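Analysis of the macromolecular model
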Amino acid sequence: MNARGDSREDSSLVRDVPAATVAAHELKAPLALIRQLGYELGREDATYAERRELTEQIIRVSEKALRVTSNITRADTLSRTLFELEPVNSIDVARDACRELKPLYELHSRRLTIGRMQKLPPVIANRDLLRRILVNFADNALHYSGAEGVVELQAQLSRSQDVVRLAVRDYGPAMTKRQWSRLVESLHGRQPVHARPQSSGLGIYISDQFAKNMNASIGAIRHRDGASFYVELPVSRQLTLL
Amino acid sequence: MNQGRVVVVEDDELLAGIFLRVLRRNGYEAYHALHAASAIDVIDDAQPAVILLDVLLAGTTALTLLHELRSHADLAEIPIVLATNLADQISLDDVQSYGVKRILDKTTMYPDDIITAVRSAML
């Protein structure tokens with residue numbers, strides 16, 4: 001990625017670090033976890049209930065890893081394939097993202113909820129890319145759901161009524177000022193992309209690529225009790241029954 | 001027989017669950033802290049013989065926690081075992097001054113390696 005973070009030709013996500021290295025880093029954690037779960041599953045004294053639970057965990061962690069690979073390949077083909085931008089009901093997409101991640105959240109005894117959403121006009125977007133952005137944000141927020149275990153998907157219309165903001169609000173431990181500065185600089189393209197400490201930032205980088213291809217943008221807000229990662233999309237002026 | 005107390009600081013609950021089960025099966029009293037932010041309280045309450053610490057934690061890094069532990073006189077001497085996916089990038093020599101006795105590579109370790117590492121750290 002170049003300094004502005006908008007080149008699809010440059011393959012490195014973090015300066016001087018090849019994309020393949022970042023992707024490998026991102027896949028390390030789920031693969032290492034699947035391996036450990038496999039050893040647990042293979043224990044001779046594991047009960048039937050434990051085996052069922054471990055199998056479910058292996059499936060969900062594998063799905064998470066597969067989402068990473070699917071996003072990487074999707075991002076790679078963005079410049080070569082045509083994709084449709086159309087009026088999209090953003091709340092429907094938020095619900096889809098919520099449904100997709102529900103099993104993973106339940107596995108971690110967490111809840112991903114749809115927050116208060118006013119009636120919104122349709123946005124100009126690609127449904128698949130928008131869903132992937134929200135899933136990326138919510139996937140990352142899983143570890144930041146705070147004591148209540150809740151992460152919320154929120155939507156709002158800008159005052160000027162021309163932009164819809166879809167946000168994933170978490171309530172986890174606050175980032176330090178330094179971490180936050182790095183993240184904000186990343187989002188503004190002045191620095192290599194970094195997310196939170198345990199992340200390579202690949203999810204945010206890919207979300208940024210998806211957003212740019214829809215003429216949308218991503219951003220983040222730091223709260224006293226967590227953070228919101230959001231995507232802003234232009235409102236469709238086309239009359240629709242969505 | 002109680003082998004001693006171990007606090008596991010790990011932000012992935014599934015992995016933490018495995019570590020806790022392995023430790024408990026082997027007679028250790030195991031406690032879990034999900035974030036570095038809550039770790040000091042858990043460690044303070046449990047007064048463990050060993051801390052098993054992930055490096056890349058949600059919210060803050062293990063290094064910050066290690067600094068903080070060193071600043072508490074009663075916690076500074078607790079031996080640390082790092083369990084990390086970044087083991088190939090961390091040298092024991094660089095972290096020994098923080099009380100780190102062993103580094104476990106999560107990508108290659110076997111479940112029983114936790115016990116070997118904890119035992120060795122307690123020596």
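Please refer to the structure higher up on the page.
Just so it is clear, the structure is predicted and the values come from calculations on it, not from any experiment. Numbers given to residues run from 1 along each chain, matching the order in which its sequence is written. To label them, take the chains in the order written and letter them from A, then take the ligands in the order written and number them from 1. Only residues with pLDDT of 70 or above have their local features reported here, since the model is predicted, and side-chain atom pairs are shown and tallied only from 80 upward, although totals for entire chains, interfaces and linings are computed over all residues. Hydrogens are left out, water is left out, and the side-chain values use all remaining heavy atoms of the structure.

**Digging into helix α1 (residues 13-25) of chain B**
All names here are of chain B. Helix and strand labels come from DSSP, where a helix needs a run of H or I of at least four residues and a strand needs a run of E of at least two; each type is numbered from the N terminus. Helices are assigned an expected span. That span is 1.5 Å times one less than the residue count. Taking 1.5 Å per residue, 13 residues should reach 18 Å; α1 reaches 18 Å between its end C-alpha atoms and fits that length. Each residue is placed in one exposure class: buried if its accessible area under a 1.4 Å probe, protein chains only, is under 20% of its type's maximum, exposed if it is over 50%, and partly exposed if it falls in between. Within α1, 10 of the 13 residues are buried, which leaves the element mostly enclosed by the surrounding structure. Restricting attention to buried positions, one finds in α1 the residues Glu13, Leu14, Leu15, Ala16, Gly17, Ile18, Phe19, Leu20, Val22 and Leu23. The N-capping residue of α1, defined by a side-chain oxygen 2.9 Å from the backbone nitrogen of Leu14, is Asp12. Here a polar contact is recorded for every N or O atom pair within 3.5 Å, except that within protein the pair must consist of a potential hydrogen donor and a potential acceptor, and residues adjacent in sequence are included only if both atoms are side-chain atoms.

**Things to note about the packing of aromatic side chains**
Aromatic pairs are defined between Phe, Tyr and Trp rings, using the six-membered ring for Trp, whenever the two ring centres lie within 6.5 Å; interplanar angles under 30 degrees are classed as stacked, those over 60 as edge-to-face, and all others as tilted. On inspection of all chains with the given rule, the structure shows 2 aromatic pairs over all chains. For the pair Tyr39 of chain A and Tyr110 of chain B, a centre-to-centre distance of 5.4 Å together with 65° between the ring planes defines the contact as edge-to-face. In this pair, Tyr39 of chain A sits in helix α1 (residues 19-41) while Tyr110 of chain B sits in the loop between β5 (100-105) and α5 (111-122), so the two residues belong to two different chains. For Tyr39 of chain A, a relative accessible area of 31% gives the class partly exposed. Between Phe137 of chain A and Phe229 of chain A, the aromatic rings sit 5.9 Å apart at their centres with planes inclined by 45°, giving tilted as the arrangement. With Phe137 of chain A in helix α4 (residues 127-141) and Phe229 of chain A in strand β7 (residues 226-234), this pair connects stretches of sequence that are 92 residues apart. By the burial criterion, Phe137 of chain A is buried, and Phe229 of chain A matches it. In this analysis the charged atom, NZ for Lys or CZ for Arg, is taken to sit over a ring once it is within 6 Å of the ring centre and within 35 degrees of the ring normal. Over the aromatic face of Tyr110 of chain B sits the side chain of Arg35 of chain A, whose NZ or CZ is 5.1 Å from the ring centroid. A cation sits over an aromatic face here: Arg165 of chain A above Tyr230 of chain A, 3.8 Å from the ring centre.

**Section: the sheet that holds strand β4 (residues 150-157) of chain A**
All names here are of chain A. Pairing between strands requires that DSSP locate at least two bridges from one strand to the other. Across the sheet, which stays open at both edges, the 5 strands sit in the order β2-β4-β5-β7-β6 with mixed pairing between neighbours. The open sheet has two free edges, formed respectively by β2 (111-117) and β6 (217-223), since each of these has just one partner strand. Averaged over all pairs of adjacent strands, the angle between strand axes in this sheet comes to 20°, irrespective of strand direction. Bridge count for β6 against β7 is 7 bridges, and the pairing is antiparallel. Bridging from a neighbouring strand, Gly219 pairs with Tyr230 of β7. Each of β6 and β7 is contacted by helix α6 (residues 202-212), which is oriented at about 135° to β6, the strand it contacts most. Here the axes come from fitting lines to C-alpha atoms, over the contacting stretch only for helices, and the angles between their N-to-C directions go from 0 to 180 degrees. We call two residues in contact when some of their heavy atoms are within 4.5 Å.

**Thoughts on the sheet that holds strand β1 (residues 4-9) of chain B**
Residues and elements named next belong to chain B. In spatial order, the strands read β2-β1-β3-β4-β5; together these 5 strands make up an open sheet with parallel pairing. The open sheet has two edge strands, β2 (28-33) and β5, and neither has a second partner. Neighbouring strand axes in the sheet, compared pairwise and without regard to direction, differ in orientation by 20° on average. In this sheet, strand β3 (residues 50-54) lies alongside β1 in parallel orientation, the contact comprising 4 bridges. Bridge assignment links Val8 to a residue of β3, and that residue is Leu52.

**A look at the pairing of β1 of chain B**
Residues and elements named next belong to chain B. A large share of β1 lies buried, amounting to 5 of its 6 residues. Alignment of β1 against β2, held across 6 bridges, turns out to be parallel. Within β2, the position partnered with Val9 by the bridge is Ala33.

**Notes on a negative patch on the surface**
Grouping into patches uses exposed residues only, defined as over 30% relative accessible area, and leaves out salt-bridged ones; the cut-off is 9 Å for like charges and 5 Å for nonpolar side chains (Val, Leu, Ile, Met, Phe, Trp, Tyr). All accessible areas in this document rest on Shrake-Rupley with a 1.4 Å probe, and a residue is counted as covered only by the protein chains that are shown. Here a salt bridge means any side-chain nitrogen of Lys or Arg lying within 4 Å of a carboxyl oxygen belonging to Asp or Glu. Asp and Glu count as negative and Lys and Arg as positive, but His and the ends of the chain are not part of the count. Lys charges are placed at NZ, Arg charges at CZ, Asp charges at CG and Glu charges at CD. On the surface, Asp41, Asp44, Asp45 and Asp74 of chain B cluster together into a patch of negative charge. With respect to the helices and strands, Asp41 of chain B occurs in helix α2 (residues 36-46).

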